[in-house]
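The residues making up each chain are set out below.
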Amino acid sequence: MTGLIDFDGKITNLALMKLSTYYKALGESVELAKLGRKYDRIFCSVLFTWNKNKAAELVEKYPNIEFGGTGWNLEKTLPDEIEACKPDYDLYTIEDILSRLKGGISTKAHKFKKAEEIVKAGIGFTTRGCIRQCGFCFVPPKEGKLHQVAEIKDIINPRSNVIILLDNNITADPDCIDKLHEIRDRGLIVDITQGIDIRLMTPEIAQALSEVKYLRSIHYAWDLMAFEHQILDGIKLLKQYIKPWKHMCFMLTGYNTLTTEDMYRFKKLQELDIDPYVMPYNKIYPTEYHRHFARWVNGRIYKACEFEEYAPWVKSRELNYILS
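Residues numbered from 1 in each chain as written. Predicted model: local features only at pLDDT ≥ 70, side-chain atom pairs only at ≥ 80, totals over all residues. Heavy atoms only, no water.

Asker: Any chance you could break down the packing of aromatic side chains for me, citing the residues and the numbers?
Answerer: A full pass over the atoms with the stated rule returns 18 aromatic pairs. Geometrically, the ring pair formed by Phe293 and Phe307 is edge-to-face, given 5.5 Å between the ring centres and 85° between the ring planes. Highlighted residues: Phe293 in helix H11 (residues 288–298) and Phe307 in the loop between H11 and helix H12 (311–323), separated in sequence by 14 residues. Here Phe293 and Phe307 have matching classes, each one buried. Seen from their ring centres, Phe307 and Trp313 are 5.3 Å apart, and the 15° between their planes marks the pair as stacked. Clustering of aromatic rings is evident, with ring pairs tying together Phe266, Tyr289, Phe293, Trp296, Tyr302, Phe307, Tyr310 and Trp313. For Arg128, the ring lying beneath its charged end belongs to Phe125, and the centroid distance is 3.6 Å. A cation sits over an aromatic face here: Arg199 above Phe227, 4.4 Å from the ring centre. (Phe/Tyr/Trp six-rings, centres within 6.5 Å; stacked < 30°, edge-to-face > 60°. Helix = DSSP H or I, 4+ residues; strand = E, 2+ residues; numbered from the N terminus. Buried < 20%, exposed > 50% of the residue type's maximum accessible area, 1.4 Å probe, protein only. Lys NZ or Arg CZ within 6 Å of the ring centre and 35° of its normal.)

This is the structure in structure tokens:
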């Protein structure tokens, strides 16, 4: 019996699904690990570095556990014979994913539908690696330069017309437009999980992106001030083809930007009618400012008050003043 632990994922885990296919082909029983059950072998995938220490505690329950994933070790990869396997789409149930969709204001029915879409969706990469060398990103040291690994047809799940595309930089792919056309022509609905590199926007790419159906918003990032003009030009171009209410822009804070630059980026995006979503760099221990700023933006509280008037932030500053 093989047990698999998806420690911190929100969607189905491709590596675990490939492990499942491999060991089932050997005649073994495979399942997402259940508490109290003993396993001949057990694998755990950790996606986020801030969960590594907590995941390591599983050794007390499973002395034979083997860890992997970006959050555990960048150099550890699946053996070639397992990497080549198709994902096991029977590994996850709707209930498995539904249990991860916590919080938010969505109804139970909406969360159930979302979980069902994720479970039935095809998932995979057509490219690995990236052309960028962003200091906060693990992709370049882990996967190297951008290179082809599969085709769109390889990641389709026959149960659904939804695909979860994990490519790190689809717009940098020389075959980007051809792949988008294939997605369109096959009538697929896509979730480009890592977003698009808005700095590489061209009229041809924007046109191809506009012809595709998306599972959620089309999203991109504005992480560094140095690329302001390229990012704003890219957004303005994409807006000509895809209405702004379908966009989402992730904003990294706490990496190398000042608080004034954070507010500047937020207001610039607002001027363009683009929804921002703040991502604090240090997710475990964000500063008071970064925590409150993220809540003010992501909770859309900015529609009710200015940040300097946001009560939790005001109280936090008052308390810090008293304690100083």
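Asker: Can you explain the pairing of strand S9 (residues 189–192)? Please cite residues and give values.
Answerer: Pairing analysis gives four bridges linking strand S8 (residues 162–165) to S9, with the strands arranged parallel. Residue pairing across strands places Ile163 opposite Val190, the latter belonging to S9. In this view, the connection linking S8 to its parallel neighbour S9 by way of helix H7 (residues 176–185) has right-handed handedness. Of the pairings in the sheet, the one linking S9 to strand S10 (residues 213–214) comprises two bridges and is parallel in character. The residue bridging Val190 from the neighbouring strand is Tyr214, located in S10. The handedness of the S9 to S10 crossover, carried by helix H8 (residues 203–210), is right-handed. (Pairing = 2+ DSSP bridges. Right-handed = clockwise from strand over helix to strand, strands pointing away.)

Asker: Give me the lowdown on the pattern of salt bridges, citing residues and values where you can.
Answerer: For the structure shown, the criterion picks out 24 salt bridges. For the salt bridge of Glu83 with Lys18, the shortest nitrogen-to-oxygen distance reads 2.8 Å. Here Glu83, found in helix H3 (residues 80–83), pairs with Lys18, found in helix H1 (residues 14–25); they are 65 residues apart in sequence, far enough to count as distant. Looking at Glu83, the relative accessible area reads 30%, which means it is partly exposed. Under the relative-accessibility criterion, Lys18 is labelled buried at 10%. Two residues, Glu288 and Arg291, come together in a salt bridge whose shortest N-O distance is 2.9 Å. Here Glu288 pairs with Arg291, and both are found in helix H11, just three residues apart, close to one helical turn. Take Glu288: its relative accessible area is 32%, and that puts it in the partly exposed class. (Salt bridge = Lys/Arg side-chain N within 4 Å of Asp/Glu carboxyl O.)

Asker: Go over the sheet that holds S9 with me, naming the residues and quoting the values.
Answerer: Sheet architecture is open: four strands sit in the order S5-S8-S9-S10, paired in parallel fashion. With partners counted over all chains shown, the strands left at the sheet margins are strand S5 (122–124) and S10, one partner each.

Asker: A description of the sheet that holds strand S11 (residues 218–221) should follow, citing residues and the corresponding values.
Answerer: Pairing within the open sheet is parallel, and its three strands lie in the order S11-S12-S13. Two strands close off the open sheet at either side, each with one partner strand: S11 and strand S13 (275–280). For this sheet, the mean inter-axis angle between neighbouring strands, taken without regard to orientation, is 25°. Here strand S12 (residues 247–253) runs beside S13; their pairing, made up of six bridges, is parallel. If you follow Met251 over to S13, its bridge partner there is Val278. Its contacts with the sheet place helix H10 (residues 259–271) against S12 and S13, and it is angled at close to 175° to S12. (Axes fitted to C-alpha atoms, helices over the stretch in contact; angles between N-to-C directions. Contact = heavy atoms within 4.5 Å.)

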